[in-house]
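# Secondary and tertiary structure notes
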Amino acid sequence: MWDKILTISNATLKSISRIASGYSKGNFTPNSVIEATLQRIKRLEPKLQAFDLILAEAAREAADLATRAIERGHAIGPFHGIPFALKDLIDVKGLITAGGTVVYADRIATATAPLVSRLLSGGGILIGKTKTVEVAYGAWGTNEVRGTPWNPWDEQIHRTPGGSSSGSAVAVASGMASCAVGTDTGGSVRIPAAWCGVSGLKVTEGRMPLEGVQPLAHTLDTPGILANSVLDTSIMFEIMDGRHPIEITESIKKQVGLYGELKRGVAGLTLGTLCELERENIHDTVLEHYDAALCRLDRLGAQIVPLELEVSSKQMRDDIGIIMSYEAYYHHGPMYEEASNKIDEHVRKRILAGRDITSAQFIEALKRRKQNQVKVLKMLAGIDAYITPTVTSTPLPISYVDQCQTPARFTRIANYLAFCAMSVPMGLIEGKGPTGLQVIAKGHNESMALRIAAAFEKEFGHLPTPPVALF
Amino acid sequence: MHCRAATIRPDNFIVGATGDWEVVIGLEVHAQVNSCTKLFSGAATAFGGQPNNQVSLIDAGMPGVLPIINEKCIEQAIRTGLGLNARINTYSVFERKNYFYPDLPQGYQISQNRYPIVGEGFVEIYVEGEVHKIGIERLHLEQDAGKSMHDTRNEYSYVDLNRSGIALMEIVSKPELHSAKQAQAYVLKLRNILRYLGTCNGDMERGNLRTDVNVSVRRPGEALGTRCEIKNLNSVRFIGKAIEAESHRQVELLEDGCKILQETRLFDPNSGYTRPMRSKEEAHDYRYFPDPDLLPLELNEAFIEGLAANLPELPDSKFKRFKKEYGLTSYDARVLVAEKRNADYFESVVGGCEGKLAANWVINDVFGRLNREGLDISSSPVSSDQLCSLLKLITEGTISGKIAKEIFETLWSEGGNPADIVSARGLAQVTDTTQIEAIVDEVIKANPMQVQKVDDNPKLLSWFVGQVMKATGGKANPRSVNKIVRKRLALN
């Protein structure tokens, strides 16, 4: 039946909006997009190792239905027939949610997480479940038991993909999925997004249902989106936010709502940036890209204000460390206490650190968090967003990684403050990989984060297809 | 089935969101001519010499010296032209291409512009079951430049003129290639022809075969789009990657409503980018004019015919001959002729046996093993002579195929002469029929039950053959055994 696989252009296969436009113009069908995607997976997955589970047959069946529906004029909306991947931390009825471990590998989900239901009823086609750091606890993206995905920006050296949503970011960057769902407790969507050269949005805590999502630290856990452009991120965000696909189609067509926001630019906005103190210990090339990015935003008419937050990034990082390991120990302690379990020793160390935190220390940290949130919010009056590099370095060779450190220095700020945040590509260092720009906006103000990111993206452009994913 | 369009689209189209795109590719290959001395001077061309040790006054651009054309280079260019089925121009002109660069001491490159030495021709390439005829636009001769070295010391740049003045053939294809795979096949085929002819080593790592790629995209059937040139690709893999990156970049731009800028770009294998070269470097007016030091080159037909008559057999004719002479399949013949050294190896093996047998052994056992061990045919532990005598032993019926594999293993790891190994280890097949007959009789006598059944079930025949083979330690000739068992059991 499929004697010829279409060579769908890289840019199309990697983009929700382009695929949707191809469907509506009748230039190709979900059948050919899914087939091309599966073909790509077949070619790249042996090297990239992004998936724990590939749902080829189920995806083909879904594509068949979507093709017939679209051909008969029953298109659901902009997500209809879009191949997406799901971090293996999120439940789909009948499939295993292993959370990156081998110990949970017998946990078959009895219900589909509401988030996933929204994507599926929007017409999305689930292509597979992606690799994650064990129980999502780790930002380098490494997993010593189930394998670390290969960062597609270096053919020779195995570099950190970033984590914990490592497989999701690798799949999206290489076009093995047009977009993917991740989760973010301290940077787990934005860090892999930055290192794989894609867009990543962490939504405000409490905004989307977490039912059916394996917890790491329930206070801080949020879902997130990985996609290849800000527009795609916005479409997926609205679908996951529960907006009706027909309404989204209308908004895109009329360029209103969120899609109107994306076009507004940054002229007149006030953007807080790193103060001198926070600029320490960042790689030179990342700082170079960061300053160039600020220049671009300045040129676009934004007001750039170096800002010393009342609470340093180190304080926030340390408090988050307490909350995260305390809660993670509560959720996963038993698995990591059992010495005979085959688990990642680096994650075990992080989890077992939670055993020694007293409830008083934990409650103190929660209380301090509340107080600091109020303090920072007050000082941010009049500031539209806080802009930082997403990560302080480019992807590191796996062998250089110091597992006692975390690359989540700037990302944890957003989780700590209960804000939302977005990472967009801001540069590419030859032979090393991409860097990301983080836009942190106040809680429930995703449209601001997306708007600033869109303005930057329009000025900076997209990254090309990474070398590993080329012919 | 549900996507009807999929079956009628050529699979090398790029399918975009707004419609289909056809990729159009033309290649310029710079091949260093195999000659002992340079195009216009007597300095040596050998690779790897000490910097600036192979430089004559001409190569260094000294005043008061005149270039003298190297007849050998002219011959090589003509022979290449003939190998590319091309028209040889009896009148061609060397012109000066003027530009300023530190590694070009003359201040100009002697090249051919309006009157190249070779005109239109073609090569045939084979891609995914189809043969495509790719047109050659022209081939001309020119001088190579020297080499700038910027990374030896921080405060200086160095210039090595050893390469300055070496003859290059620039072979320009027509824009008739339509996918990365086709372009790769074209370069490999071209390299193969050059190696058969001995006109260029085709060693891409050493830079004696460099490729510039012109890429454009268009809607199928429409006029050619604006092209970009990607300079200096020195591996077949990068040619493929560069074409994919560049064609998809152009599709993306056009689909977004942007225009393609005609420009020269560089491919960076680390990032997957092609990026523009600074336009300063390419905004040239070369002010071509005929080199007053060199007369137009006029060739007589007899000279060309003499070269044509002495051309070696080229891959395409070898391919046809292998099929015809040795009864090989197209696949086998194609694999064997794809490298001259491989074809030569096969031909010195095939002497004493049937073609198909030799092809199987050469392709599966020798090439397969070399491939696995990362070796080259020139360093094969089993020489063509050894393999030839081994296959002779099979053909003569001295040893079976199974025993031959064992001997091959020994040859590979320990070396030696196959015939000696056979006699030393007593591996020769028992072809003495009386001896086999005796064993067959024993087997029949020992198994009366099976003998009764064999009438109803002729398949049991092979069981008897197996028993006999076992009794002889695999040394009996299976064909003779078969024959004798049939006779003794009175089967036909």
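Residues numbered from 1 in each chain as written. Chains lettered and ligands numbered in written order. Predicted model: local features only at pLDDT ≥ 70, side-chain atom pairs only at ≥ 80, totals over all residues. Heavy atoms only, no water.

Moving on to the pattern of salt bridges. Enumeration over the complete set of coordinates arrives at 63 salt bridges over all chains. Close ionic contact of R369(A) with E205(A) constitutes a salt bridge, the shortest N to O distance being 2.7 Å. With R369(A) in helix α14 (residues 359-379) and E205(A) in the loop between β6 (199-202) and β7 (222-227), the pair connects residues that are 164 residues apart, well separated along the chain. Given a relative accessible area of 21%, E205(A) falls into the partly exposed group. Among the ionic pairs, E339(B) bridges to R191(B), the shortest N-O distance being 4.0 Å. Here E339(B), found in the loop between α8 (330-337) and α9 (340-350), pairs with R191(B), found in helix α3 (residues 180-197); they are 148 residues apart in sequence, far enough to count as distant. (Salt bridge = Lys/Arg side-chain N within 4 Å of Asp/Glu carboxyl O. Helix = DSSP H or I, 4+ residues; strand = E, 2+ residues; numbered from the N terminus. Buried < 20%, exposed > 50% of the residue type's maximum accessible area, 1.4 Å probe, protein only.)

All names here are of chain A. Following both chains from N to C, one finds helix α8 (residues 230-240) and helix α9 (residues 245-254) inclined at 150 degrees, their axes separated by 10 Å at the closest point. Taken together, the axes of α8 and α9 are roughly antiparallel relative to one another. Viewed along their axes, α8 and α9 form a crossing whose handedness is right-handed. Together, I235, E238 and I239 of α8 and P245, I248 and I252 of α9 make up the contact between the two elements. When the residues that make up the contact of α8 with α9 are grouped by side-chain class, the tally is five nonpolar, no polar and one charged. (Axes fitted to C-alpha atoms, helices over the stretch in contact; angles between N-to-C directions. Parallel < 35°, antiparallel > 145°, perpendicular 65-115°, else oblique. Left-handed = near helix turned anticlockwise from the far one by under 90°. Contact = heavy atoms within 4.5 Å. Nonpolar A, V, L, I, M, F, W, Y, C, P; charged D, E, K, R; others polar.)

This part covers empty space enclosed by the protein. Residue and element names in this part refer to chain A. Under the defined criterion, the tally for this structure stands at three cavities of 30 Å³ or more. Counted as a void, the largest cavity has a volume near 60 Å³. Mapped by element, the contributors of at least two residues to the lining of the largest cavity are β10 (385-389), α15 (412-417) and β12 (433-441). In terms of residue class, the lining of the largest cavity is built from eleven nonpolar, no polar and two charged. Its boundaries defined by the atoms lining it, the second largest cavity holds a volume of some 50 Å³. (1 Å grid on protein atoms, 1.4 Å probe; cavity = no way out; pocket = protein on both sides within 12 Å on 5 of 7 lines; lining within 4 Å. Points joined across faces, edges and corners; volume = space filled by probe spheres on them.)

To continue, consider the side chain of D154(A). Of note, D154(A) is situated in the loop between β4 (125-130) and α6 (166-173). With residues near it in sequence (within four places) discarded, D154(A) still touches R159(A), G431(A) and V468(A).

Quick look at the domain arrangement of chain A now. All names here are of chain A. Domain boundaries in chain A define domain 1 (2-259) and domain 2 (267-316 + 366-469). Measuring from the centre of the C-alpha atoms in domain 1 to the corresponding centre in domain 2 gives 23 Å. Taken together, the contact pairs 53 residues of domain 1 with 54 residues of domain 2. Both sides together, the interface formed by domain 1 and domain 2 hides about 4,200 Å², and carbon and sulfur atoms give 64% of it. Put simply, the parts of the chain that give the side of domain 1 that touches domain 2 at least two residues each are α3 (30-48), α7 (190-196), β6 and α8. Ranked by residue count, the leading element in the side of domain 1 that touches domain 2 is α7, at six residues. Of the residues that constitute the side of domain 1 that touches domain 2, the class distribution is 22 nonpolar, 19 polar and twelve charged. (Domains from an automatic or database assignment. Buried area = accessible area lost by both parts, 1.4 Å probe.)

On to the confidence of the model for chain B, then. Detailed reading of the predicted coordinates is not advisable wherever pLDDT falls low. Scored by pLDDT, chain B has a mean of 89; 96% of the residues are at 70 or more. Both scores are given for the predicted complex: the pTM is 0.85, the ipTM 0.88. (pLDDT = per-residue confidence, 0-100.)

This part covers the interface of chain B and chain A. Across the contact, 38 residues belong to chain B and 40 residues belong to chain A. A combined buried area of about 3,100 Å² lies between chain B and chain A, and 52% of that area is made up of carbon and sulfur atoms. Among the salt bridges present, the one from E155(A) reaches R237(B), with a minimum N-O distance of 2.8 Å. Our count for the chain B to chain A interface comes out at 13 residue pairs in polar contact (both at pLDDT 80 or more). If you list the elements that add at least two residues to the side of chain B that touches chain A, you get α1 (4-8), β1 (14-15), α3, α4 (236-255), β13 (264-268) and β14 (273-276) of chain B. Per element, the largest residue contribution to the side of chain B that touches chain A is nine residues, and it comes from α4(B). (Polar contact = N/O pair within 3.5 Å; in protein donor to acceptor, adjacent residues only side chain to side chain.)

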